[in-house]
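Report on the structure
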Amino acid sequence: MSHLTQILEKLDLSTENGLFFKGDNWEGLFSNRVERLLTNTIKPDALFCIDNKPFILFFENLTDKKGKLREIWNFNECPIVIVIDQSSVEVYNGFEFLTKQNTLRLLGTEEVLNDFNYFSLVTGKTWEKYKEDFDSRNRIDYHLLSNIKAAREILINRSLASDLANSLIGKVIFVRYLIDREVKLDFEQKGQSRKWTNREFCDVLSDKNQLSSFFKYLKGKFNGKSNGDLFPISEEEIDSIPENCLSVIVDLLSGNSITTGQQSLFDFYNFSIIPVEFISNVYELFIGQDEQERQGAYYTPLFLVDYILAETVEKKIQELEEFSCKVLDPACGSGIFLVETLRKIIAQYQKNNPNNCDNPDKYKEDLRRLASENLFGVDEDPSAVNVAIFSIYLTLLDYQKPSDIETFKFPLLFENNFFVSDFFDTDAKFNEIFKNIKFDFILGNPPWKRGKGEKENPRFVEYIEARKKLEKKENRENQITISNAEIAQAFVLRTSDFSSAETSISLIVTSKILYNRNASGFRQYLLDNFIIRRVFELAPVRREVFDKSNDKAIAPPAVIFYQYAENKNTDKNIVEHITLKPNRFFSLFKVFTINRSDYKKVSQKNLKDYDYLWKILVYGSYLDFNLIKRLKNKESYLTIGDVTADENLFLIGQGATVGGGDNNPASHLKGKLFLDTRKDIESFFVNPTPKNKWELDTAHRPRNPKLYEAPMVLIKKGINSSFHSVSAVCDIDAIFTDSVTAIKSLINDKKTLQMVSGILNSSFFSYFCLQTFSSSGIEREQAHEVENMTVPFVDSNEIASIVSTISELKSEEHSLGLPILATHILHEITEKIKELDSVVLTTFSFSEIEKDIFEYSINATIPIIMKHKGYEKLFAPLHLDSTELDDYVEIFFKQLSPIYEKMNQKLVVEIQHSDQIIGLFFKRVPLNSDIARTRLSPVEDKSILNFLISLGAEKITDRLFVQKDIRGFEEDGFYIIKPNERKLWHKAIGHLDVTEFIDAILVAGRKSKVHV
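Counting starts from 1 at the beginning of each chain's written sequence and moves along it residue by residue. Under the rules for a predicted model, residues below a pLDDT of 70 receive no local features and side-chain atom pairs below 80 are neither given nor counted, while totals for whole chains, interfaces and linings still include all residues. Hydrogens and water molecules were not included; the side-chain quantities draw on all heavy atoms of the structure.

A 1.4 Å probe that fits into a set of points on a 1 Å grid over the protein atoms alone but cannot get out defines a cavity; an open set with protein on both sides within 12 Å along at least five of seven lines defines a pocket, and lining residues are those with an atom within 4 Å of a point. Grid points are joined across faces, edges and corners, and a volume is the space filled by probe spheres set on the points. Scanning the entire structure with this criterion turns up 2 cavities of 30 Å³ or more. In this structure, the second largest cavity encloses a volume near 40 Å³. Every residue along the wall of the second largest cavity is listed here: Gly170, Ile173, Phe231, Ile279, Val282, Phe286, Val387 and Phe390. For the lining of the second largest cavity, the secondary structure elements donating two or more residues are α7 (162-180), α12 (277-295) and α17 (382-398). The residue inventory of the lining of the second largest cavity, partitioned by class, reads 7 nonpolar, 1 polar and no charged. Only DSSP runs of H or I reaching four residues or more are called helices, and only runs of E reaching two or more are called strands; each is numbered from the N terminus. Side-chain classes are defined by residue name, with Ala, Val, Leu, Ile, Met, Phe, Trp, Tyr, Cys and Pro counting as nonpolar, Asp, Glu, Lys and Arg as charged, and the others, Gly among them, as polar.

See the structure below:
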């Protein structure tokens, strides 16, 4: 038995649970890029995978260990490396390279092996222990981009134009790639090719004449007589480059210090291995932070590209075994979608033509044709198009031997396949070209900028307006529309101009377009005119998705998979909705792992009829939908907006706006009390003696003076960390700003104001806000005025009375000054708020099941979203005798026992419990059996885990796994197995789980004609 085999057995890794050996068929296991590098360069003796991602590489008896470890760091895909020889075992961090020692960082030897056994890996123990070790700041892309960013900033500071700096860096990376691929060049003597070194290239960079000749040589070599489109730099531009700028590039390539404290690591980089995602990150640097914010552009993470392509291009190619796949990216940026598409096309071409290398000339011509016939992109940024074409060229070279690269000519893609243009310019050249192409897919990550920006009428707004006029002439019932000049909405709809019945579209958009109330017209048009296949919502993990973004306020992303309906009815279409929630695998390694409850199916008609359902799909369930639908039933409940709609009774509006436009007289407000929003207004309390007074003579919007007259209820725009509104009845005349909305009673109806304040300050509001408001839990925690008006209202003297009592207690608390003196009052306030919450639920007639799902939102969902103190307890394991587990099981007995009693049977359950996993095994036994209803069985982790493994993980897609949440039927019962996390065994989840089993039992009964 080899030492490797012994180690694998010790770690409980086998071919049944994700282990692969050298020589195994890895086809389709990884992305094409990863598969090629593993097979041809990294060459591990064995590897362990989770979700088609290599997590551990095994090597036995390495001859060049340092060289291999450096390759793995450049590979940037695998966190753990285990090197084995006859006498030792070494475990390395695949993401952290120690430059001084010229090796990966050693995590330990044989004594740490147990940290990497199968159970520790899949249950997360490994990642909890080593989280800091796998920090992104250790990885090669972080260092590489940091080096390039530092060099680029110096170039621009030394008066080099940003476009020229971009082209120069791009050109240098291309040459470095050729050197690392060991491509022979005959620059000095025609016909006498040889390999070049990094040092020789640095010498060329030190001589402008040589550099000009060298770049001219490269253009002729790879582009022939056609105009080059690989970071074009003219001779005049080379002449204009200051000498001290070229020295910066030399320092960068030589591994010298670039700036104080910034050491170039180019000596350790291998550009023949570094992933293409680096090119996307370079693009982000090229356009710069200011441009990124102006354009609303975000670089597209490779893991998201892999997921989208797995659901589109990869499926088509594999199912049809064809390598023709025409793809358009309407905002191509660095071209990452098109690069990865090309990899998949080439891989299928090679599979269909295994002997292609026998005829290298034909092979090279076919490669050019595969790129020119299938890949198309548009972007208004020339730097982006340059990087995209560069990325395609590198990909074409990746699939050739160095000797073949020497005579390879790039296809001319600029103005044939790639266009520097605004996608909404209907007169641009690409429109005519694209009309003659039948696209299989339109894929991309278009900009998300909101508003018209610098232009009064940007092209996307003009396009929407022109199309709306055309559709109006055609007497269409529902004409095209977008809201807030949201460019992402415009991109979603413009794709129909280039779609056929077979074209599938997948775009990464800001998910706000699915929830913002003023975008309801856009959503209605979208649902009427497009078939929505899937929505993949990433708002809860938005900071992990764009963890390298320059933008501090990261917008929430979602992926929409859809097709143009071409006038077909879309009502019967079923939409898949998936929400990705925070989890350790995604945070560290971008592995998609979801809970079962976060995968839903909904009819497109329901989304048309109930616009608020979009938000419920993110944090709720069908039980929440039923509850919200009941609460929104106008025959049962009015809303706060309904109750305060009479302008003779109430005046509603935001406070004064200062700045942001023209100035209007406000001197009539001077001298009046002015409320400091942060200090003077809190839940149930407005400071009756504010220190400030209004002092301004003008304001952009001073508002109606009556709005500032008591009594009124004041409502802050922001909500607190528990999603509670911050509102209070105000009994003094006072001015406030537009961050506060007032509902002013014109007839001194204080009771209604108290009821409004009570509902807004209750946990009922938190629940309603979570499930229906556009921003909470999506982007930022706030409640818009129009959303507050949609909250259901009940007329309750009890609510008004409790609010009055709490307000009095709050006043007493503030009058005492020191919190230590108000301890007893604080306790009373807490108890009264609990009473308010209970009374509100009772008043709205919540059933026991509704209370359970409400409580889950308040005590589980919101604390996790907001990371409340102690929220980690929701992920903590339950004890075998926990009341939560008892309550969960009781739901099954209560719901299912009547069904089985009709069959003269009863239900019993064996609870198999471990620290990591809980299994419930329900059995049907005779009604008169004396078997105990519940049997508790503590077991070792591995016994349940092995059972779970034998069943296999249920996949939604090849790259998206449902968390190990397994349920099924046996001959005499059924089972459910889930991770031992408190939040997964809540009563609200129990109601969902038991309903799923009841539906399955009833379906099985109908099929077998057995009445149950």
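Let us look at the pattern of salt bridges. Salt bridges are counted wherever a side-chain nitrogen of Lys or Arg sits within 4 Å of a carboxyl oxygen of Asp or Glu. Per the stated rule, a full pass over the model turns up 60 salt bridges. The partner of Arg476 in a salt bridge is Glu474, with the nearest N and O atoms 3.2 Å apart. For Lys851, the salt bridge goes to Glu848, with nearest N and O atoms at 3.8 Å. Of this pair, Lys851 and Glu848 both sit in helix α35 (residues 848-866), 3 residues apart, which is roughly one turn of the helix. Judged by its relative accessible area of 30%, Lys851 is partly exposed. The structure contains a network of salt bridges with shared partners spanning Arg467, Glu471, Glu474, Arg476, Arg494 and Asp497. Accessible area is worked out with a 1.4 Å probe on protein chains only. A residue is then buried under 20% of its type maximum, exposed over 50%, and partly exposed in between.

Counting 141 residues, the largest nonpolar core has Leu178, Phe214, Phe278 and Ile392 as its most contacted members. The contact definition used throughout considers only heavy atoms, calling two residues in contact when any of these lie within 4.5 Å. Not counting residues within four places of it along the chain, the set of residues in contact with Ile392 comprises Leu338, Val339, Leu342, Ala371, Leu375, Leu413 and Phe418. The set of buried Ala, Val, Leu, Ile, Met, Phe, Trp, Tyr and Cys residues whose side-chain atoms join them within 4.5 Å is what this entry labels a nonpolar core. With 113 residues, the next largest nonpolar core counts Ile532, Ile560, Tyr637 and Ile719 among its residues.

Moving on, we get to the sheet that holds strand β20 (residues 650-654). Adjacent strands of a sheet pair through backbone hydrogen bonds, lying either parallel or antiparallel. Any two strands with at least two DSSP bridges between them are considered paired. Spatially, β20-β29-β27-β28 is the arrangement adopted by the 4 strands of the open sheet, whose pairing is antiparallel. Each edge of the open sheet is held by one strand with a lone partner, namely β20 and β28 (725-730). Between one strand axis and the next, the sheet turns by 15° as a mean value, whatever way the strands run. Taken together, the 5 bridges between strand β27 (residues 712-719) and strand β29 (residues 740-745) define a ladder with antiparallel strand orientation. The residue bridging Leu714 from the neighbouring strand is Ala742, located in β29. Of the strands in this sheet, β20, β27, β28 and β29 are in contact with helix α30 (residues 750-760), which crosses β28 at around 165°. Axis geometry follows a simple rule: fit a line to the C-alpha atoms, using only the stretch in contact for helices, then measure angles between N-to-C directions, giving values from 0 to 180 degrees.

If you walk across this open sheet you meet the 6 strands as β1-β2-β3-β4-β5-β6, and the pairing is mixed. Only two strands of the sheet have a single partner each, and these edge strands are β1 (19-21) and β6 (103-108). Between one strand and the next, the sheet's axes are offset by a mean angle of 30°, whatever the strand orientation. Bridge analysis of β1 against strand β2 (residues 46-50) gives 3 bridges, and the strand direction is antiparallel. Bridge pairing links Phe21 to Ala46 in β2. The strands touched by helix α1 (residues 3-10) within the sheet are β1, β3 (53-60), β4 (80-84) and β5 (89-98), with β3 carrying the most contacts at an inclination of about 145°. Together, β2 and β3 form the strand contacts of helix α2 (residues 32-42), whose direction differs from that of β3 by roughly 5°.

Before going further, it helps to examine the environment of Ser621. Mapped onto the elements of the fold, Ser621 is located in the loop between α26 (613-619) and α27 (622-631). Put simply, Ser621 and Leu638 are 17 residues apart on the chain and 24 Å apart in space, counted from C-alpha to C-alpha. For Ser621, the contacting residues outside a window of four places in its chain are Lys600, Ile616 and Leu992. Counting of polar contacts relies on pairs of N or O atoms within 3.5 Å, with two restrictions inside protein: one atom must be capable of donating a hydrogen and the other of accepting it, and residues adjacent in sequence are counted only when both atoms are side-chain atoms. Within polar-contact distance, the side chain of Ser621 engages the backbone nitrogen of Leu623 at 3.2 Å.

The alternating pattern of strand β12 (residues 441-444) places Phe441 and Leu443 and Ile442 and Gly444 on opposite faces, both of which are buried. Inspection of the sheet shows strand β9 (residues 327-329) paired to β12 by 2 bridges, in the parallel sense. Paired with Val327 across the two strands is Phe441, which belongs to β12.

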